[in-house]
Amino acid sequence: MASSLTKGAAPQETTPAAGGKTFFGHPRGLAPLFLTEMWERFSYYGMRALLVVYLIAGGPDAKPDSQGGGLAMPEASSVAIYSAYVGMVYLLAMPGGWFGDRVWGPRKTVAIAAGVIMAGHLALAVPGKPTFFAGLALVAIGSGLLKANISTMVGHLYDGPQDPRRDGGFTIFYIGVNVGAFAAPLVIGTVGQKVNWHLGFSIAAVGMGLGLIIFLLGTRHLDPKSSVVPKPLSAEERKSVLLKALMWFAIAAAFYGVVAGTGHFTQSWATVPLALLGVAIPITVLTRIKRDKELSATEQTKVSGYIWFFVAAAVFWMIFDQAGSTMSTFAEKKTADNVFGIDFPSTWFQSVNPLWVMAIAPIFASMWLWLSRRNSEPSTTVKFSMAMVIIGASFFVFAIPMGMASDGTKVSPAWLLMIYMIQTMGELCLSPVGLSLTTKMAPQKYASQMMGVWFLAVTAGDCTMTLLTEGGVDLNGNGVILGQAAAATLAGLAVWMYRKKIEGLMGDVR
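As the structure is a prediction and not an experimental result, all values here were calculated from the model. (Residues numbered from 1 in each chain as written. Predicted model: local features only at pLDDT ≥ 70, side-chain atom pairs only at ≥ 80, totals over all residues. Heavy atoms only, no water.)

Engineer: Sorry if this is basic, but what is going on with a nonpolar patch on the surface here?
Structural biologist: On the surface, Val-389, Leu-490, Leu-493, Trp-496, Met-497 and Tyr-498 cluster together to form a nonpolar patch covering roughly 600 Å² of accessible area. The leading source of residues in the nonpolar patch is helix α17 (residues 478-497), at 4 residues. Tracing the backbone shows Tyr-498 in the loop between α17 and α18 (499-505). (Patch = residues over 30% accessible without salt bridge, like charges linked within 9 Å, V, L, I, M, F, W, Y side chains within 5 Å. Areas by Shrake-Rupley, 256 points an atom, 1.4 Å probe, with all protein chains shown as cover. Salt bridge = Lys/Arg side-chain N within 4 Å of Asp/Glu carboxyl O. Helix = DSSP H or I, 4+ residues; strand = E, 2+ residues; numbered from the N terminus.)

Engineer: Looking at this structure, how should I read the packing of helix α11 (residues 297-320) against helix α14 (residues 380-404)?
Structural biologist: A pair of packed helices can be characterised by two numbers: the angle between their axes and the separation between those axes. The interhelical angle for the contact between α11 and α14, taken along N-to-C directions, is 25 degrees, at an axis separation of 10 Å. As the angle between them shows, α11 and α14 are arranged roughly parallel. The element α11 and its partner α14 pack so that their crossing is left-handed. Residues Phe-309, Ala-312, Ala-313, Val-315, Phe-316, Ile-319 and Phe-320 of α11 lie in contact with α14, whose contacting residues are Thr-380, Thr-381, Phe-384, Ala-387, Met-388, Ile-391 and Phe-395. Classifying every residue of the contact of α11 with α14 gives 12 nonpolar, 2 polar and no charged. (Axes fitted to C-alpha atoms, helices over the stretch in contact; angles between N-to-C directions. Parallel < 35°, antiparallel > 145°, perpendicular 65-115°, else oblique. Left-handed = near helix turned anticlockwise from the far one by under 90°. Contact = heavy atoms within 4.5 Å. Nonpolar A, V, L, I, M, F, W, Y, C, P; charged D, E, K, R; others polar.)

Engineer: Any chance you could explain the packing of aromatic side chains here in plain terms?
Structural biologist: To describe a pair of aromatic rings, you give the distance between the ring centres and the angle between the ring planes. Summed over the entire model, instances satisfying the criterion amount to 25 aromatic pairs. Geometrically, the ring pair formed by Tyr-90 and Phe-455 is tilted, given 6.0 Å between the ring centres and 55 degrees between the ring planes. Pair noted here: Tyr-90 is in helix α3 (residues 75-91) and Phe-455 is in helix α16 (residues 449-470), with a separation of 365 residues, a long-range link. Comparing Tyr-90 with Phe-455, the two get one shared label, buried. Members of the aromatic cluster, joined through ring pairs, are Tyr-54, Phe-132, Phe-133, Trp-197 and Phe-201. Between Lys-383 and the ring centre of Trp-368, over which it is positioned, the NZ or CZ distance is 4.3 Å. (Phe/Tyr/Trp six-rings, centres within 6.5 Å; stacked < 30°, edge-to-face > 60°. Buried < 20%, exposed > 50% of the residue type's maximum accessible area, 1.4 Å probe, protein only. Lys NZ or Arg CZ within 6 Å of the ring centre and 35° of its normal.)

Engineer: Help me understand the confidence of the model for the protein chain, please; the structure alone is not making it clear to me.
Structural biologist: Fine structural detail should not be taken from predicted coordinates in areas where pLDDT scores are low. In the predicted model, the protein chain carries a mean pLDDT of 88, and 93% of its residues have values of at least 70. Looking at the elements of the protein chain, mean pLDDT is at its lowest for helix α1 (residues 3-6), recorded as 42, and at its highest for helix α5 (residues 106-124), recorded as 96. Here residues 1-19 scores under 50 on pLDDT; set against residues more than four positions off or in separate chains, the count is 87 contacts. (pLDDT = per-residue confidence, 0-100.)

Given below as structure tokens:
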């Protein structure tokens, strides 16, 4: 979950912001960016915690005592929608970065994105399927616009990559991500599940609104370069982009108009094309970069090595992001919601991962440093291999309570707490390492775009889950859970077995 937040765009290199006062020893501009990201993650993860349980509420898959007023969808459909939605958030980070670079500049893009996200949550707060799906689309678009550009502005505050405060600044920024992700399910999830679904979505809108206000008030502390459009579109390019966008919109509108008009439209007509795009676009982008004749032989080799890590990451996120779908429905229907006589809503489990991140991340950071001083720190390849084996192990463990609950027994919450802990350990081996690896292995020509490519691994993994679900695969089946666990473990072992070959492709990167 909060891993999704370790994901930020590659920081830009500029001069430090002016000003005498600091924020924990960092430029003052870090404060509004920290708070904006915290509230954006609060709104995003709060809504995400409610998403699947709201979709199944009132239907045959819901608990008998669950709040009415949901969309009463089958669990399989709900999981397909969730996976497609999360995939689109990360897919849209690429055009979001493009808007910041070519159209509005990072600062204006983030302000517009926050407004779009807030509008999306307000649409979700209005009962009904049309407003729900419109709201979901708006939140995905806004999140994609915001994700890359706000991280870019954090980078603007420092004097290039050699500024000694830089890593600490991004660490503080990352804390904001996890604080928002931790608090959201406890607040929005509780209100949504226990009081009113739409009131919960409204609180998400209020959270994003607070973030937008803080951002607008704090813009005077940001570096002036955050307002600059680095490579503005020429008049010709603007016209070409607009014509292409209108053409594709017209084709899609005409196609879906015919499908709906003939009475054939179903949910699958929306989720399957999106999922196919989410798998096809990463393959297309990587293929285009790999075949670029302008790359040097060394860069071509590094791209070949990077593909190994990309595929491994896609498998990792395919399992990890089921925290909000398969594991969320398991928490809702098959996990006890009472500890020491205290009842709690199932959405609280969505706060466990960011809590584990905040608890374990310092331990991992210290461990890597301790091993590095002894020249024993695992290589990037080995860390990826460890992450794959660990995420596979989490689903091997998950199969145990799945089997225990098959007769209607409610299992102890301790099972999910343990599974989330295992997954967080895997996340800390892969997510920050993957971010660093991407910046090191990116060809010079694609230095900025490669961070968007890293996000596409999330898209590919989640969209694969959508296609599996739409294809009739029961993700709650013990065989499917064990199959995913085995696939991840085997992928991890393959990376480890071929580590010498992969490291050879990486050149001077370790």
